[in-house]
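Now for the letters of each chain:
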Amino acid sequence: MTEIPEEQQAAALRAVAEAGARRAELLAKAEEILVKEIRPRAIKAAELGAGRTRIRELGRIGPTVLYRWLEEAGLPVRPKQRPGES
């Protein structure tokens, strides 16, 4: 008995849905770790004088995220420079 195209499509779509569900679960877990673990520890490290570049490297976070967190925590943050400004 041969499979009809609709059955093949359904199987392929189930595989996509399964992979998508796993990805969504991992992204949710990553967001939880970011907010509940990395954020408070990054802020604490900055409060203790750790270099912000080092915090970003070790936390694997971008500058926009880190500086937003620091600003929200009341720590001093330089205004963002526009390209070409010195």
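See the structure shown above.
The rules we used
Residues numbered from 1 in each chain as written. Predicted model: local features only at pLDDT ≥ 70, side-chain atom pairs only at ≥ 80, totals over all residues. Heavy atoms only, no water. Core = buried A, V, L, I, M, F, W, Y, C linked by side-chain atoms within 4.5 Å. Buried < 20%, exposed > 50% of the residue type's maximum accessible area, 1.4 Å probe, protein only. Helix = DSSP H or I, 4+ residues; strand = E, 2+ residues; numbered from the N terminus. Contact = heavy atoms within 4.5 Å. Salt bridge = Lys/Arg side-chain N within 4 Å of Asp/Glu carboxyl O. Axes fitted to C-alpha atoms, helices over the stretch in contact; angles between N-to-C directions. Left-handed = near helix turned anticlockwise from the far one by under 90°. Nonpolar A, V, L, I, M, F, W, Y, C, P; charged D, E, K, R; others polar. 1 Å grid on protein atoms, 1.4 Å probe; cavity = no way out; pocket = protein on both sides within 12 Å on 5 of 7 lines; lining within 4 Å. Points joined across faces, edges and corners; volume = space filled by probe spheres on them.

Nonpolar side chains in soluble globular proteins generally cluster together in the buried interior. If you look at the biggest cluster of nonpolar residues, it comprises nine residues: Ala-42, Ile-43, Ala-46, Ile-55, Ile-61, Leu-66, Trp-69, Leu-70 and Leu-75. Secondary-structure elements contributing two or more residues to this core are helix 1 (5-47) and helix 3 (63-72). Contacts of Leu-66, omitting those with residues within four sequence positions, involve Ala-42, Arg-52, Ile-55, Arg-56 and Ile-61.

Applying the stated criterion across every chain yields a total of five salt bridges. Between Glu-72 and Arg-39 there is a salt bridge, with the nearest N and O atoms lying 2.8 Å from each other. Of this pair, Glu-72 sits in helix 3 while Arg-39 sits in helix 1; the two residues are 33 residues apart in sequence, bridging distant segments of the chain. Residue class for Glu-72 comes out exposed when judged on its relative accessible area of 51%. Where Glu-72 meets Arg-68, a salt bridge forms, and the shortest distance between an N and an O atom there is 3.8 Å. With Glu-72 and Arg-68 both in helix 3 and four residues apart, this pair spans about one turn of that helix. One network of salt bridges, with partners in common, ties together Arg-39, Arg-68 and Glu-72.

We now examine the packing of helix 2 (residues 52-59) against helix 3. At a closest axis distance of 10 Å, the pairing of helix 2 and helix 3 adopts a crossing angle of 120°. Of the two elements, helix 2 crosses helix 3, and the hand of that crossing is right-handed. Side by side, helix 2 and helix 3 meet where Arg-52, Ile-55 and Arg-56 of the first sit next to Pro-63, Leu-66, Tyr-67 and Leu-70 of the second. The class makeup of the residues in the contact of helix 2 with helix 3 is five nonpolar, no polar and two charged.

Before going further, it helps to examine the layout of surface pockets. Its boundaries defined by the atoms lining it, the largest pocket holds a volume of some 380 Å³. The wall of the largest pocket is formed by Arg-52, Pro-63, Thr-64, Tyr-67, Arg-68, Glu-71, Val-77, Arg-78, Pro-79, Lys-80 and Gln-81. Here the lining of the largest pocket takes five residues from helix 3, the largest share from any one element. Among the residues making up the lining of the largest pocket, the classes are represented as four nonpolar, two polar and five charged.

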